There are 2 protein chains.
Amino acid sequence: MPVTKGTAIDPARTRAGLLAAATDLLYRRGLDGIGVAELCTSIGVSKETLYRHFGSKDGLVEAVLQARSDRVTAWLAGAAADAGDDPEAQLTAVFDALGRWHAEPTFRGCALLNAATQWHDGHEGTARATAARHLDRRLELLTGIARRAGAPDPAALGRQLLALVVGATVLADLHPGAAPSAPRDAAITLLRAACPTVSNDQRSTDVTSSE
Amino acid sequence: MPVTKGTAIDPARTRAGLLAAATDLLYRRGLDGIGVAELCTSIGVSKETLYRHFGSKDGLVEAVLQARSDRVTAWLAGAAADAGDDPEAQLTAVFDALGRWHAEPTFRGCALLNAATQWHDGHEGTARATAARHLDRRLELLTGIARRAGAPDPAALGRQLLALVVGATVLADLHPGAAPSAPRDAAITLLRAACPTVSNDQRSTDVTSSE
DNA sequence: CACAGATCGAACCGTTCGGTACCATCTGTG
DNA sequence: CACAGATGGTACCGAACGGTTCGATCTGTG
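Residues numbered from 1 in each chain as written. Chains lettered and ligands numbered in written order. Predicted model: local features only at pLDDT ≥ 70, side-chain atom pairs only at ≥ 80, totals over all residues. Heavy atoms only, no water.

(A) Representation of the packing of helix α4 (residues 57–82) of chain B against helix α6 (residues 111–118) of chain B. Residues and elements named next belong to chain B. Contact geometry of α4 with α6 gives a least axis separation of 10 Å together with a crossing angle of 150°. Relative to α6, the element α4 lies roughly antiparallel. Of the residues in α6, those touching α4 at Leu65, Arg68 and Ser69 are Ala111, Leu112 and Ala115. Residue composition of the contact of α4 with α6, by class: four nonpolar, one polar and one charged. (Axes fitted to C-alpha atoms, helices over the stretch in contact; angles between N-to-C directions. Helix = DSSP H or I, 4+ residues; strand = E, 2+ residues; numbered from the N terminus. Parallel < 35°, antiparallel > 145°, perpendicular 65-115°, else oblique. Contact = heavy atoms within 4.5 Å. Nonpolar A, V, L, I, M, F, W, Y, C, P; charged D, E, K, R; others polar.)

Structural data, given as C-alpha cells:
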C-alpha cells in the first residue's frame, strides 16, 4: 500500500522525520550497525523514498551529522549564554550541561566523534570532515570564554579546555563509574590558573567541595 | 602450495606474526574496514590457519586488543619510570611520550578506544570491556603519580589527568593542527594546583613558554 | 620410511549489504 | 476529472561478509 491513506503529502516534513529517526537509530546502533533496509522499516518508510531524499546512505549520514552538530552546538552555546556574563560561570554551565548529557541513559558518546572513528577512512571522509568542523565550533565557544576571562593566550587555554571536554565525553561512555565532576573542576582550575585576575569576588569559592 | 618450502613449522611464531600483522591492519583500516579474506591474503596466511589459531574474527580482535593494551601500558609506564622519581617529571615524560606518538604519521587514535567505539555493542562487548580495562590501567598510572606527588585526593586528580590524556589522543587524531603541548601544560597546571607542596625547586619553571 | 601436525589454496555456504527498478496507490493542483 | 508528484511494497542485483570444508603438500618426529 503506497502513501498510507490520510497521510498528508509533505516532502519537507517527510525529510525532517526521516532525519530525526535516522539520527536516533544511527546513534544507538552505529553507522555500520544498522543497514538501510532495517533503517527504512524501523522508520516506516520505503527505500525509494529514502534514496530520493538523500541519494545514498552516505548522504543520509552526512545530513544526520550536520543536523546533530548544529543542534548540539546551539544547545551548548545556549547553556553558556544562560549563565550570564561571568566567564567562569559560563564554563561551569558548559561542563554541568555536558555532565547532565553524559548521565542520560541513552548516552553513547558524541555522535560526531563516534562517526569519525567508525568511518575513519573511506566514505570520502565525510564523517571525519564533519567531526573536525564540529570540534572547530566547540573550540570557538571555549576560546571565547577564555578570551572574555582575560586569558593571556585564549587559543592555548581553549585547546586545553577542548581536550577536557572531549576526554570527559569519551570517558563518560567508555569508562564506568567515577565522579562526573572531575572534568568541570579541572576546567575551572585551568581557567583560574591561566587568568590570575579573573572574577576575584568568586576566588574563595571552593569548587571541589560542591560535589 | 601448502607450507611454503623451506619455512620452519612453528605454531607459536606463526601466531605471533599473525597477531603483529593483524594488529597493524586492523588499526589502520578499522575492525570492520577489512574482512577476514583480505586480512589473510595481506598477512600471507590461509583462512584455515587463522581460524585454527584464533577461532573467529572476534577472537583475533580480542587477542590483538589485549596484546596492544599490554604493550602500550608497559611503554607508558616505562616512559614514566625513566623520568626518575619526581612526579612532575614523570607526568611531563608521559605527556611528551604521548605527544611523540600522536605526531607519528601512522597515528590514527588509540586502537583500544577506536575498537570500543566501532564495536560499541554486539560482539559480546569484547572491545568495550578490553578498552575499559585499558583505561583502568592508564588511570592507575596517573593516580600513582598524583599520589606520589602528595595530592590530597589522588583519585580525583588521576581522573582529571585521564580525561586530558584521552582528550589529547582523540584530538590529535580528529582535529588538525594546533599546539601539541597544550595537554601537557594543562596536566602540569592541574598537578601543581592540586599539590601545593610539590617540587618547590621546580616551581619557577615556566611551563607554557617551553613550546 | 611412516605418520602426525601444520599450512596453503580454493571452492563453497548462507547471510547481509547498499542500491535499483517497477508498479500500485495515494495526495495535491489545475 | 485529469495529471504530476510522492510514497509504500516487493523483488531483485552484484558484491562482500564470516565461516567451513577438503585435498594437496610441506615439516618434524620416531
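(B) The UniProt feature "DNA-binding region" (unreviewed entry) in chain A, seen in detail. Per the UniProt record, "DNA-binding region" (unreviewed entry) is annotated on residues 35–54 of chain A. Here residues 35–54 of chain A is 80% helix and 0% strand, with 15 Å between the C-alpha atoms at its ends. (UniProt positions renumbered as here; feature names shortened; annotations may be inferred.)

(C) Representation of helix α3 (residues 47–54) of chain A. All names here are of chain A. Within α3, burial applies to Thr49, Leu50 and Phe54. In a view along the axis of α3, the buried residues occupy a sector of 105°, so they form one face of it. Pointing more than 90 degrees away from the buried face of α3 are the exposed residues Glu48 and Arg52. Packed against the buried residues of α3 are α1 (11–29), α2 (36–43) and α4 (57–82). Looking at the residues trailing α3, positive phi occurs at Gly55, about 80°. (Buried < 20%, exposed > 50% of the residue type's maximum accessible area, 1.4 Å probe, protein only. Arc of directions from axis to C-beta.)

(D) Examining the environment of Ser42 of chain B more closely. Among the secondary structure elements, Ser42 of chain B is positioned in helix α2 (residues 36–43). For the pair Ser42 of chain B and Ala21 of chain B, spaced 21 residues apart in the sequence, the C-alpha separation amounts to 8.6 Å.

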